[in-house]
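# Structural overview for review
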Amino acid sequence: MLRLETESGWWLITHPDHARLAGAFAAAWGNAQFSRPEPRERVLYGVATHDDGWTERDAHPLITREGKPSAFSTELVGKYSAFEEIDLADYLAVRERAVRIVAERDAYAGLLIAKHTYSLLTDHADRSTIAASQLPLLDAFLDAQLAYQKRLMVEIQEDDSLKENEKDAARIEEHFRLLQACDNLSLLTCVAFESPAHLLHPLPLNNGGAAEVQVLPVGLRHFQLAPWPFEEPEVKFSFPARHVVGRRFESSANLEAAFDAAPIELLEVSLSQ
């Protein structure tokens with residue numbers, strides 16, 4: 001779940017809906033300067049489904065020790081911490097499921113998600129928020145993820161439907177970076193981030209170079225991007241969210257009841273040059 005505090009409660013966005021928004025960004029990505037992803041359908045599938053493993057978990061939202069919805073929030077942008085608030089074994093099971101359910105249908109898309117998962121838990125994770133007794137569990141998970149990535153890469157190399165350049169490790173790395181860029185832009189959107197940010201990696205250009213996209217908030221869910229990666233000079237996207245009333249909840253059951261009762265509404269993000 002992702003959360004955004006309001007005067008009377010919280011906007012809550014599920015992980016799969018956040019990922020669908022990331023997929024919409026990826027589908028619009030590319031212009032005279034920035035490369036469009038190929039193989040298109042498989043890359044877009046990976047981006048749009050990278051959090052499908054959270055579907056069951058998000059259907060039953062939990063609260064933190066303070067009674068807030070347990071969710072990604074603006075305080076966590078740019079870092080991966082707060083592990084003390086979660087059951088690590090349960091969390092890793094969700095992450096494993098998110099990779100497997102896509103990879104079993106499409107090894108190419110699954111590899112992008114596996115690389116994303118590994119990066120989150122190595123490059124971005126704050127290990128100081130994980131109990132020392134739990135670190136072996138995390139490290140065993142990471143070792144298994146690397147082994148699974150190798151298996152998926154073998155499947156990709158044997159896939160005759162792919163062009164040789166689409167199987168190249170460097171090309172796959174570019175697509176992984178696009179997934180992370182669109183994921184980050186979606187996170188910034190869902191929590192209405194108010195500080196300058198960037199999309200994590202240099203992204204491929206049609207001239208063979210790469211450029212890191214900077215993100216400047218200029219209004220509520222309105223961001224200016226530079227360099228500009230889309231075809232149209234301004235693009236708008238909508239995504240579903242539910243508003244629950246109340247800053248604190250006595251139990252997870254109370255939060256779940258409020259979440260289930262809240263109507264689904266569409267919020268909008270505007271991106272411009």
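In this report, we go over the structure that sits alongside the text. What you see is a predicted model, and the numbers here were worked out from it, not measured in a lab.

Below, the discussion takes up the packing of helix α2 (residues 40–48) against helix α5 (residues 107–120). Closest axis-to-axis distance for the α2/α5 pair is 8 Å, and the angle between their directions is 40°. With respect to α5, the element α2 is oriented oblique. Here the hand of the crossing between α2 and α5 comes out right-handed. Two secondary-structure elements touch here, α2 through Arg42, Val43, Tyr45 and Gly46 and α5 through Ala107, Tyr108, Ala109, Leu112 and Ile113. Residue classes in the contact of α2 with α5 are distributed as 7 nonpolar, 1 polar and 1 charged.

Attention now goes to the packing of helix α1 (residues 15–28) against α2. Remark: α1 packs on α2, axes separated minimally by 7 Å, with the N-to-C direction vectors making an angle of 150°. Regarding the angle of α1 to α2, the classification is roughly antiparallel. Residue-level contacts link Pro16, Ala19, Arg20, Ala22, Gly23, Ala26 and Ala27 of α1 to Arg40, Leu44, Val47 and Ala48 of α2. Considering only residue class, the contact of α1 with α2 consists of 8 nonpolar, 1 polar and 2 charged.

To continue, consider the packing of aromatic side chains. Between two aromatic rings, the relevant description is the distance of the centres plus the angle of the planes. Overall, the coordinates contain 6 aromatic pairs when judged by the stated rule. Taken together, a centroid distance of 5.7 Å and an interplanar angle of 75° make the contact between tryptophan 29 and phenylalanine 34 edge-to-face. Each member of the pair tryptophan 29 and phenylalanine 34 is classed as buried. Ring centres of tryptophan 29 and phenylalanine 230 lie 5.6 Å apart, and the angle between their planes is 80°; this geometry places the pair in the edge-to-face category. Of this pair, tryptophan 29 sits in the loop between α1 and α2 while phenylalanine 230 sits in the loop between β5 (222–226) and β6 (234–245); the two residues are 201 residues apart in sequence, bridging distant segments of the chain. As far as burial versus exposure is concerned, tryptophan 29 and phenylalanine 230 are alike and both buried. The structure contains a cluster of three or more aromatic residues connected by ring pairs, namely Phe25, Trp29, Phe34, Trp228, Phe230 and Phe237. Here the guanidinium or amino end of lysine 115 rests over the ring plane of phenylalanine 176, the centre of that ring lying 5.3 Å away.

Moving on, we get to α2. Where α2 is concerned, the buried positions are Arg42, Val43, Leu44, Gly46, Val47 and Ala48. Against α1, α5 and α7 (169–190) lie the buried residues of α2.

Summarising the sheet, strand β3 (residues 197–204) and strand β4 (residues 210–219) pair through 5 bridges and their orientation is antiparallel. Bridging from a neighbouring strand, proline 204 pairs with alanine 210 of β4. By the bridge criterion, 5 bridges tie β4 to β5 in an arrangement that is antiparallel. By the bridge assignment, glutamine 214 is partnered in β5 with alanine 226. Where β4 hands over to β5, the hairpin turn is made up of 2 residues, of which arginine 221 adopts a positive phi near 50°.

Look at the link from glutamate 38 to proline 39: it is a cis peptide, with omega at 10°. Structurally, proline 39 can be placed in the loop between α1 and α2. Of note, the bond from alanine 226 into proline 227 is cis; its omega dihedral lies within 30 degrees of zero at -10°. Looking at the element boundaries, proline 227 is found in the loop between β5 and β6. With phi around 50°, alanine 192 is a residue other than glycine that occupies positive phi space. Checked against the element boundaries, alanine 192 lands in the loop between α7 and β3. Under the relative-accessibility criterion, alanine 192 is labelled buried at 10%. Phi at arginine 221 takes a positive value of approximately 50°, unusual for a residue other than glycine. Secondary-structure assignment places arginine 221 in the loop between β4 and β5.

How each quantity is defined
- Residues numbered from 1 in each chain as written.
- Predicted model: local features only at pLDDT ≥ 70, side-chain atom pairs only at ≥ 80, totals over all residues.
- Heavy atoms only, no water.
- Axes fitted to C-alpha atoms, helices over the stretch in contact; angles between N-to-C directions.
- Helix = DSSP H or I, 4+ residues; strand = E, 2+ residues; numbered from the N terminus.
- Parallel < 35°, antiparallel > 145°, perpendicular 65-115°, else oblique.
- Left-handed = near helix turned anticlockwise from the far one by under 90°.
- Contact = heavy atoms within 4.5 Å.
- Nonpolar A, V, L, I, M, F, W, Y, C, P; charged D, E, K, R; others polar.
- Phe/Tyr/Trp six-rings, centres within 6.5 Å; stacked < 30°, edge-to-face > 60°.
- Buried < 20%, exposed > 50% of the residue type's maximum accessible area, 1.4 Å probe, protein only.
- Lys NZ or Arg CZ within 6 Å of the ring centre and 35° of its normal.
- Pairing = 2+ DSSP bridges.

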